[in-house]
Each structure stands twice: as C-alpha cells, then as structure tokens.
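# Observations on the model geometry
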Amino acid sequence: MRTNVVIIGGGPSGLLLGQHLTNAGIDNIVLEQKTKEYVLGRIRAGVLETGTVKQLRDLGLGARMDVEGFVHDGTVISFNDEQIRIDFARHTKTAVMVYGQTELTADLYARREADGAEIIYEVSDVEIEDLSADSPRVAFTKNGQRCHISCDYVAGCDGFHGVSRQAIPQTARREFEKVYPFGWLGILSETKPVHDELIYANSDAGFALCSMRHANLSRYYIQCDIRDDPKAWPDQLFWDALRKRIPEKFADTIETGPSIEKSIAPLRSFVCEPMQWGRLFLCGDAAHIVPPTGAKGLNSAASDVYYLADALTRLYRDKDLAAIESYSARALSRVWKTQRFSWWMTSLLHHFPHQSEFELRMQLAEIEFLKSSEQAQAVLAQNYVGLPY
Ligand code: RFL
Ligand code: PHB
C-alpha cells in the first residue's frame with residue numbers, strides 16, 4: 001500500500017487532519033486501534049473555540065453543529081456566593097460553541113465515510129519505520145496479518161498514550177510535565193442544565209463545573225481525590241457535594257437525577273518538544289495535554305491540525321517546503337500560551353492539598369482583581385474564546 005500521508009489515530013485530531021487533506025486532494029489513510037463505536041463512546045470535551053468552529057464550517061462540517069450546538073457568549077466564574085460574568089461578546093465580539101466532542105467526531109466519521117476516504121480500524125502494533133528516508137513506512141497488524149504502508153509523511157494523532165511521540169529519539173525530545181494533586185469526577189445526567197451558561201466555581205469546599213450538552217443533558221464535574229473510585233461516589237453524594245460548591249441561587253434550583261455516566265479524569269499539563277521529527281508530525285494529545293479547566297484540549301488539537309494542514313497543502317500545491325519546516329515552532333508558540341491559560345485557570349479555581357494561608361489569599365486576591373478589572377475579564381475572555389491562529 002502507498003499513500004501521501006499516514007495518519008495514526010482516528011480521534012478528533014486524526015479525523016480533522018484527514019478531512020483537510022481529503023478536501024485538498026491529498027491522499028491519506030487513517031489507522032485507528034479501536035472500533036468506531038469505542039471512540040464515539042468516550043465522553044470528553046464540550047466547548048469549541050471560535051477558531052475551531054470556523055475551521056469546521058470552512059471544511060463543510062458545520063451543518064449539524066449550527067443546528068444542534070449552543071452559542072455561548074459568556075461564562076460565570078464564582079467563588080462561594082460571589083459571581084463574575086465574563087462577557088465574551090463584549091470583550092471579543094465572538095463566542096464559543098457548546099457541542100460535544102462525541103458529536104463532532106461522529107460528524108467527522110460520517111463525512112469521511114461519505115467521501116470514501118480510507119480508515120482502518122482495530123490495528124495493533126503500529127510501528128513507524130525509516131523516518132529520515134524520503135519514503136517512511138508504517139507497519140501494523142490487522143486480523144493477525146502484518147501490513148505496511150509507504151508514504152511521504154506520517155501524522156502522529158494517536159493521543160497521549162500513542163506510539164508516535166516515542167518515535168522521536170529520546171535524545172532529541174524534551175518533555176515538560178506537571179501533574180496536579182487532584183482529579184475531576186464527572187457525571188452526565190438527563191436533566192435540564194442549571195444555567196444557560198457554564199459555571200466555573202471555586203468554593204471553600206473545592207472546585208465544581210456546571211456544563212451541558214443540550215437542553216436536557218447536563219455535564220457536571222467536581223474536584224476529587226485522584227485515588228477515589230467513582231463507585232465510592234453514589235449520585236446523592238455527588239449532588240450534595242456539587243450544591244455546596246456553587247452559588248446558592250444555583251444550588252437551590254439545580255435539577256438532579258440519576259447519572260448515566262460517571263468517571264474520574266486526572267489533571268496534567270504536558271508538552272513535548274519538538275512536535276516534528278524527520279517526516280513525522282505530532283498533533284493534539286500526542287504532543288501536549290492540558291488540565292480541562294480552560295476547555296482547551298480539543299481546541300489545541302484543532303489549532304495544530306490547522307497549521308499542519310496548511311503546511312502540507314502548501315507543500316503539495318505550491319512545492320513550498322518552508323511551511324513544513326516551521327510547523328513545530330508555529331504550533332508550539334500557540335501551545336505554550338494555551339498551557340499557560342489552562343494552568344492559570346486551574347490554579348485559580350482549585351483547592352490544592354497543603355495550600356498555605358498565603359496561597360489561599362493569593363487566590364482570593366486574584367478573584368477580587370478579576371471582579372474589579374474589566375481588563376482582567378477581557379484577558380480571560382480573549383483566552384477562553386481562543387487565541388488567533
Ligand atoms: P485522542 O482523542 O486521544 O485520540 C487519539 C486516537 O488515537 C488512537 N490510538 C491509536 N491508533 C492507532 N495506533 C495506536 N498505537 C494508537 N494509540 C492511540 C486512540 O484510540 C484514539 O482514538 O487524541 P486527539 O485526537 O489528539 O484529541 C484530543 C482530545 O480528545 C482531547 O484533547 C480532549 O478530549 C481533552 N479533554 C477535554 N478537552 C476539552 O477541550 N474539554 C474537555 O472538557 C475535555 N474533557 C478530555 C476531557 C480528555 C479526557 N481524557 C483524555 C481522559 C475528559 C477526559 C476524560
Ligand atoms: C464539558 O462540558 O465537558 C467541559 C466544559 C468546559 C470545560 C471542561 C469540560 O472547561
């Protein structure tokens with residue numbers, strides 16, 4: 001087999017890149033280790049930045065999102081009973097879109113299938129060979145048989161636990177990491193969202209987030225001990241803990257019900273440099289991870305894809321090598337700013353074990369400053385809706 005670009009990983013990064021390439025007439029094959037049903041069963045991101053929304057529309061992928069998604073032109077940050085509304089529309093003249101990663105991924109799969117573009121599911125033992133040669137090869141096992149694809153370039157879109165990043169020699173790779181000493185316990189429940197905007201809450205009892213998927217599907221999170229077992233959190237305990245962390249007017253009106261999904265996610269900041277090695281390019285979680293507090297994981301993946309698709313399109317269309325050579329620097333420049341924002345929002349809104357009185361006062365001062373300063377609110381809004389590509 002031969003193609004222009006082998007894309008390892010059929011999550012949002014891989015599928016989005018595949019769509020850009022297919023639209024530009026660049027042949028590509030996606031290799032995914034799981035089934036489509038498995039990938040679509042993962043409950044993950046919920047908020048799309050302005051730039052991600054534009055990318056999807058430009059690719060002809062906005063139709064369902066524009067009907068079923070919810071435009072949010074602000075969000076609420078609270079501390080105990082105090083509330084600060086961050087007005088995206090006023091500060092940035094744009095908005096974000098609440099549209100689940102599951103829906104977005106389903107749209108990408110449907111489109112790939114309609115285009116007849118190739119995706120090979122349930123592959124294992126993926127190996128990248130000859131990255132410094134003109135024509136690298138990707139080997140994998142499918143139905144017990146070893147297969148090989150020769151290509152021009154390899155896109156590593158296989159998430160944090162994938163194999164692509166490891167193909168960059170250890171001596172050439174630098175990794176930066178911060179692991180946070182808590183997790184997020186999330187539930188999905190078929191109840192009306194407590195508010196029409198997201199609420200990011202810090203409180204004496206810790207962090208909580210009220211989010212949503214649609215008019216009768218809510219997504220709620222609370223900060224928890226990373227060693228907790230979701231089974232040790234019966235629904236009633238979860239609702240009680242959530243109520244204690246959000247402003248009273250929301251605690252009093254929240255609609256509760258049985259959870260239909262419950263899981264704990266760890267919080268980590270991680271960046272791998274460079275994001276490019278020979279003919280391999282990394283995109284999304286394969287290269288970097290953020291704690292979910294700023295809703296940046298999926299959106300950062302989308303901006304990488306934008307830069308890489310732009311570079312590959314220039315290369316195949318105009319024989320312009322420069323864009324390909326600067327991919328890593330261009331992507332990392334935005335990645336680090338997104339890391340900063342996610343780290344800042346996480347630091348502002350969570351309880352850290354062993355937090356000193358001084359550190360607590362710093363958090364309070366930061367909240368007070370945010371409350372009193374239009375400029376601080378504008379900075380938050382600008383980062384939340386997404387920095388320009
Ligand atoms: P993904 O989604 O992990 O997809 C990678 C795909 O690669 C496949 N794969 C392989 N395929 C072939 N061979 C191999 N050796 C392979 N190894 C792995 C995997 O099966 C998978 O299908 O990475 P991608 O595409 O870069 O997308 C990134 C986003 O998924 C991620 O950034 C966000 O979901 C992060 N994230 C959130 N981001 C937000 O913006 N807002 C959120 O609310 C939010 N919540 C979350 C999250 C991530 C979570 N994780 C990772 C546990 C909640 C959770 C629980
Ligand atoms: C979600 O709806 O899952 C969600 C929204 C915003 C975040 C994190 C998660 O910052």
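Counting of residues starts from 1 at the beginning of each chain's written sequence and follows it residue by residue. To read the labels, note that chains go from A and ligands from 1, taken in the order they are written. Reporting in this predicted model follows two pLDDT cut-offs: at least 70 for local features of residues, and 80 or more for side-chain atom pairs to be given and counted; totals over whole chains, interfaces and linings ignore these cut-offs and use all residues. To get the side-chain values, all heavy atoms of the structure are used, and hydrogens and water are removed first.

Here we come to the site of ligand 2. Whether a residue is near a molecule or strand depends on its heavy atoms: if one lies within 4 Å, it is near. Neighbouring residues of ligand 2: 14 residues in total, closest Tyr200, Ser211, Arg213, Tyr221 and Pro292. N or O atoms within 3.5 Å of each other form a polar contact, as long as, within protein, one can give a hydrogen and the other can take it, and as long as residues adjacent in sequence are counted only when both atoms are side-chain atoms. At 2.7 Å, a side-chain N or O of Tyr200 approaches an oxygen atom of ligand 2. Take Pro292: an N or O atom from its main chain is 2.8 Å from an oxygen atom of ligand 2. Put simply, the parts of the chain that give the shell around ligand 2 at least two residues each are β15 (208–214) and β16 (217–224). A helix here means a DSSP run of H or I that spans at least four residues, while a strand means a run of E at least two residues long, and both kinds are numbered starting from the N terminus. Looking at the shell around ligand 2 element by element, the count peaks at 3 residues for β15. Gly falls in the polar group here, along with every residue not listed as nonpolar (Ala, Val, Leu, Ile, Met, Phe, Trp, Tyr, Cys, Pro) or charged (Asp, Glu, Lys, Arg). Along the lines of polarity and charge, the residues of the shell around ligand 2 split into 8 nonpolar, 3 polar and 3 charged.

This part is about the site of ligand 1. Not every one of the 28 residues close to ligand 1 is listed here, only the nearest: Ser13, Glu32, Arg42, Gln101 and Asp285. Between ligand 1 and Ala295 there is a distance of 3.3 Å, counted from an oxygen atom to a backbone nitrogen or oxygen. Gly297 is positioned such that a nitrogen or oxygen atom in its backbone is 3.1 Å from an oxygen atom of ligand 1. Reported accessibility uses the Shrake-Rupley method at a 1.4 Å probe radius. Residues are deemed covered only where the shown protein chains occlude them. Considering ligand 1 on its own, with 1,000 Å² of exposed area, one finds that the protein chains cover 85% of that surface. Those elements that provide at least two residues to the shell around ligand 1 are α1 (12–23) and α9 (297–318). In terms of residue class, the shell around ligand 1 is made up of 11 nonpolar, 10 polar and 7 charged.

Further remarks concern the pattern of salt bridges. Note on definitions: salt bridges are taken to be side-chain nitrogens of Lys or Arg within 4 Å of carboxyl oxygens of Asp or Glu. Counted according to the given criterion, the structure contains 30 salt bridges. Two residues, Lys296 and Glu49, come together in a salt bridge whose shortest N-O distance is 2.8 Å. Here Lys296 is found in the loop between β20 (288–289) and α9, whereas its partner Glu49 is found in the loop between β3 (47–48) and α3 (50–58), with 247 residues between them in sequence. The same class applies to Lys296 as to Glu49, namely buried. In this structure, Glu103 engages Arg64 in a salt bridge whose closest nitrogen and oxygen atoms are separated by 2.9 Å. Of this pair, Glu103 sits in helix α6 (residues 101–115) while Arg64 sits in helix α4 (residues 63–68), and the two are 39 residues apart along the sequence. The exposure class of Arg64 is partly exposed, given its relative accessible area of 27%. In the salt-bridge network here, residues are joined through shared partners; they are Asp73, Arg85, Asp87, Arg90, Glu197 and Glu374. When a residue's accessible area, from a 1.4 Å probe over protein chains only, is under 20% of the maximum for its type it is buried; when over 50% it is exposed; and in between it is partly exposed.

Moving on, we come to the layout of surface pockets. A probe matching the size of a water molecule, rolled over the atoms, marks out where space remains unfilled. Points on a 1 Å grid, built from protein atoms alone, make a cavity when a 1.4 Å probe fits but cannot get out and make a pocket when they are open with protein on both sides within 12 Å along at least 5 of 7 lines; residues with an atom within 4 Å of a point are the lining residues. Grid points are joined across faces, edges and corners, and a volume is the space filled by probe spheres set on the points. If you add up the space inside the second largest pocket, you get close to 240 Å³. Elements that contribute at least two residues to the lining of the second largest pocket include exactly α6 and β15. Ranked by residues supplied to the lining of the second largest pocket, first place goes to α6 with 3 residues. Looking at the lining of the second largest pocket residue by residue, the classes come out as 5 nonpolar, 5 polar and 3 charged.

Let us now look at the nonpolar core. Ranked by internal contacts, the top residues of the largest apolar core, which has 67 residues, are Leu17, Leu31 and Leu48. In terms of residue count, the dominant contributor to this core is α9 (9 residues). What makes two residues a contact is simply this: any of their non-hydrogen atoms within 4.5 Å. Every residue in contact with Leu31, bar those within four places of it in the chain, is listed here: Val6, Ile7, Ile8, Gly9, Gly10, Ile120, Val123, Val138, Phe140 and Ile149. Here, the term nonpolar core denotes a set of buried Ala, Val, Leu, Ile, Met, Phe, Trp, Tyr and Cys residues that are joined through side-chain atoms within 4.5 Å. Within the second largest apolar cluster, 31 residues are counted, among which are Val47, Ala295, Phe341 and Met345.

Two strands are counted as paired when DSSP detects at least two bridges linking them. Read from one edge of the open sheet, 8 strands run β6-β5-β14-β15-β16-β13-β17-β20, paired in mixed fashion. Only two strands of the sheet have a single neighbouring strand rather than two, namely β6 (82–87) and β20. Geometry is summarised by axes, namely lines fitted to C-alpha atoms with helices restricted to the contacting stretch, and by angles between N-to-C directions that run from 0 to 180 degrees. Strands β13 (174–189), β14 (199–202), β15, β16 and β17 (259–273) of the sheet are contacted by helix α7 (residues 235–245), whose axis makes an angle of about 80° with β16. Sheet strands in contact with helix α12 (residues 357–372) are β5 (74–79), β6 and β14, and its direction is about 50° off that of β6.

The next point concerns empty space enclosed by the protein. Under the criterion given, the structure shown has 4 cavities of 30 Å³ or more. Put simply, the largest cavity is a space of about 60 Å³. Residue lining of the largest cavity: Pro12, Ser13, Leu16, Thr52, Leu104, Leu108, Leu298, Ala301 and Ala302, and that is the complete set. Going through the elements one at a time, α1, α6 and α9 are the ones with two or more residues in the lining of the largest cavity. For the lining of the largest cavity, the per-class residue count stands at 7 nonpolar, 2 polar and no charged. Of the voids in this model, the second largest cavity is the one considered here, and its volume is about 40 Å³. Lining the second largest cavity are Glu49, Lys296, Arg334, Lys337, Thr338, Phe341, Asn383 and Leu387. A per-element tally of the lining of the second largest cavity places helix α11 (residues 327–349) first, with 4 residues. When the residues that make up the lining of the second largest cavity are grouped by side-chain class, the tally is 2 nonpolar, 2 polar and 4 charged.

A few words on the packing of α1 against α9. Two elements in contact, α1 and α9, have axes separated by 9 Å at closest approach and are oriented at 30°. With respect to α9, the axis of α1 lies roughly parallel. By crossing handedness, the relation of α1 to α9 is classed as right-handed. On α9, the residues that touch Pro12, Ser13, Leu16, Leu17, His20 and Leu21 of α1 are Leu298, Ala301, Ala302, Val305, Leu308, Ala309 and Leu312. Looking at the contact of α1 with α9 residue by residue, the class counts come to 11 nonpolar, 2 polar and no charged. Angles are sorted into four bins: roughly parallel if under 35 degrees, roughly antiparallel if over 145, roughly perpendicular if 65 to 115, and oblique for all others. Definitions for this section: a left-handed crossing has its near helix turned counterclockwise from the far helix by less than a right angle. A right-handed crossing has that turn clockwise.

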